[in-house]
Amino acid sequence: MTSDYGSYSTRYPTSYFEAPILNGVTDVYVVVNTCRDINVAGTYVLDRNLESAQGACLTIRDSANIHLNCNGFSVLGTVGLRVKNMNGFSVKNCRLNSSDLKPLIVEDSKGGDISNNTIGPAVVTLSSLESVRVADNTIGASVSGTYLQRVTFENNTLSVPA
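Scanning the protein chain from N- to C-terminus turns up zero helices and 15 strands. Counting across all 162 residues of the protein chain, residues that qualify as buried make up 43%. Across the protein chain, the fraction of contacts at a sequence separation of at least 24, relative to all contacts at a separation of at least 6, is 25%. When the accessible surface of the protein chain is summed, it comes to about 8000 Å², and 47% of that surface belongs to carbon and sulfur atoms.

Structure follows, in structure tokens:
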């Protein structure tokens with residue numbers, strides 16, 4: 001399988017499907033329909049809105065080459081989405097929100113792409129990142145970043161709530 005970060009093999013922890021998902025490209029992906037941890041390489045696609053009353057709704061962690069496409073669906077939790085300790089990841093087409101003002105936390109990761117998302121209203125937290133692209137997002141409040149190396153921000157819209 002090929003991604004923006006090169007070729008990699010994929011193991012599938014649950015059932016998987018083959019269908020066109022992005023720009024008519026056929027890819028194998030795992031359907032996500034509940035809040036959960038994701039820690040096996042592959043492409044994951046939401047098929048509905050997700051909500052968790054406690055903790056992070058989705059956590060992408062401790063792996064490489066995990067790609068999440070929310071297909072415009074919402075992810076809501078005390079933390080909407082947490083990305084931690086990743087090498088090669090993408091988060092696209094998500095509506096991220098939080099009951100505790102933490103819609104997106106990305107930490108201790110490198111080689112990522114966060115694009116075409118609607119995030120907030122709250123603070124996006126970025127910490128200890130390397131070579132991450134943040135592009136074409138609508139962010140409803142602010143971005144807090146510490147220890148960022150080669151992190152680029154391109155064409156994002158920051159909208160502060162009244």
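So much for the structure itself; the text now carries on.
A residue-level look at the protein chain finds 82% of positions with pLDDT of 70 or above and a mean pLDDT of 86. Taken as a whole, residues 1–21 scores under 50 in pLDDT and shows 55 contacts with residues more than four places along the chain or in a different chain.

Bringing the environment of asparagine 155 into the picture now. Secondary-structure assignment places asparagine 155 in the loop between β14 (142–154) and β15 (157–158). Take asparagine 155: its relative accessible area is 65%, and that puts it in the exposed class. In this structure, asparagine 155 is in contact with Asp136 and Asn137, ignoring residues within four places of it in sequence. A distance of 2.8 Å separates a polar atom in the side chain of asparagine 155 from a polar atom in the side chain of aspartate 136.

A separate point is the state of the cysteines. In this structure the tally under the stated criterion is two disulfides. Between the sulfur atoms of cysteine 70 and its disulfide partner cysteine 94 the distance amounts to 2.1 Å. Taking the sign of the torsion about the S-S bond as the criterion, the disulfide between cysteine 70 and cysteine 94, at about 70 degrees, is right-handed. Residue cysteine 70 is found in the loop between β8 (56–69) and β9 (74–92), and its partner cysteine 94 is found in the loop between β9 and β10 (95–115); the two are separated by 24 residues along the sequence. Note on cysteine 70: relative accessible area 0%, which makes it buried. Numbered by position along the chain, the disulfide-linked cysteines of the protein chain connect as 1-2, 3-4.

All right, on to a nonpolar patch on the surface then. On the surface, a cluster of nonpolar side chains totalling about 230 Å² of accessible area is made up of Val143, Leu148 and Phe153. With respect to the helices, strands and loops of the structure, phenylalanine 153 is situated in strand β14. The exposure class assigned to phenylalanine 153 is partly exposed, which follows from its relative accessible area of 43%.

Tallied over the full model, the rule gives 12 salt bridges. The partner of arginine 61 in a salt bridge is aspartate 62, and the shortest N-O contact between them spans 2.8 Å. Given a relative accessible area of 25%, arginine 61 falls into the partly exposed group. The class of aspartate 62 is partly exposed, set by a relative accessible area of 41%. The partner of glutamate 154 in a salt bridge is arginine 133, and the shortest N-O contact between them spans 3.2 Å. Residue glutamate 154 is located in strand β14, and its partner arginine 133 is located in strand β12 (residues 123–135); the two are separated by 21 residues in the primary sequence.

What follows deals with the environment of asparagine 87. In this structure, asparagine 87 sits in strand β9. It is 4.5 Å that separates the C-alpha atoms of asparagine 87 and alanine 64, two residues lying 23 residues apart in sequence. Contact partners of asparagine 87, with chain neighbours within four places excluded, come to Ser63, Ala64, Asn65 and Lys110.

Glycine aside, a negative phi is what most residues show, and trans is what most peptide bonds show. The step from glycine 120 to proline 121 runs through a cis peptide bond, and the omega angle for that step is 15 degrees. By the element assignment, proline 121 lies in the loop between β11 (118–119) and β12. In this model, serine 128 sits at a positive phi of 55 degrees, which is unusual for a non-glycine residue. For serine 128, the location among the structural elements is in strand β12. Its relative accessible area of 27% is what places serine 128 among the partly exposed residues. Backbone geometry places serine 131, a non-glycine residue, at a positive phi of 55 degrees. Summarising the element assignment, serine 131 is placed in strand β12.

Criteria and cut-off values
Residues numbered from 1 in each chain as written. Predicted model: local features only at pLDDT ≥ 70, side-chain atom pairs only at ≥ 80, totals over all residues. Heavy atoms only, no water. Helix = DSSP H or I, 4+ residues; strand = E, 2+ residues; numbered from the N terminus. Buried < 20%, exposed > 50% of the residue type's maximum accessible area, 1.4 Å probe, protein only. Contact = heavy atoms within 4.5 Å. Areas by Shrake-Rupley, 256 points an atom, 1.4 Å probe, with all protein chains shown as cover. pLDDT = per-residue confidence, 0-100. Polar contact = N/O pair within 3.5 Å; in protein donor to acceptor, adjacent residues only side chain to side chain. Disulfide = S-S within 2.5 Å. Patch = residues over 30% accessible without salt bridge, like charges linked within 9 Å, V, L, I, M, F, W, Y side chains within 5 Å. Salt bridge = Lys/Arg side-chain N within 4 Å of Asp/Glu carboxyl O.

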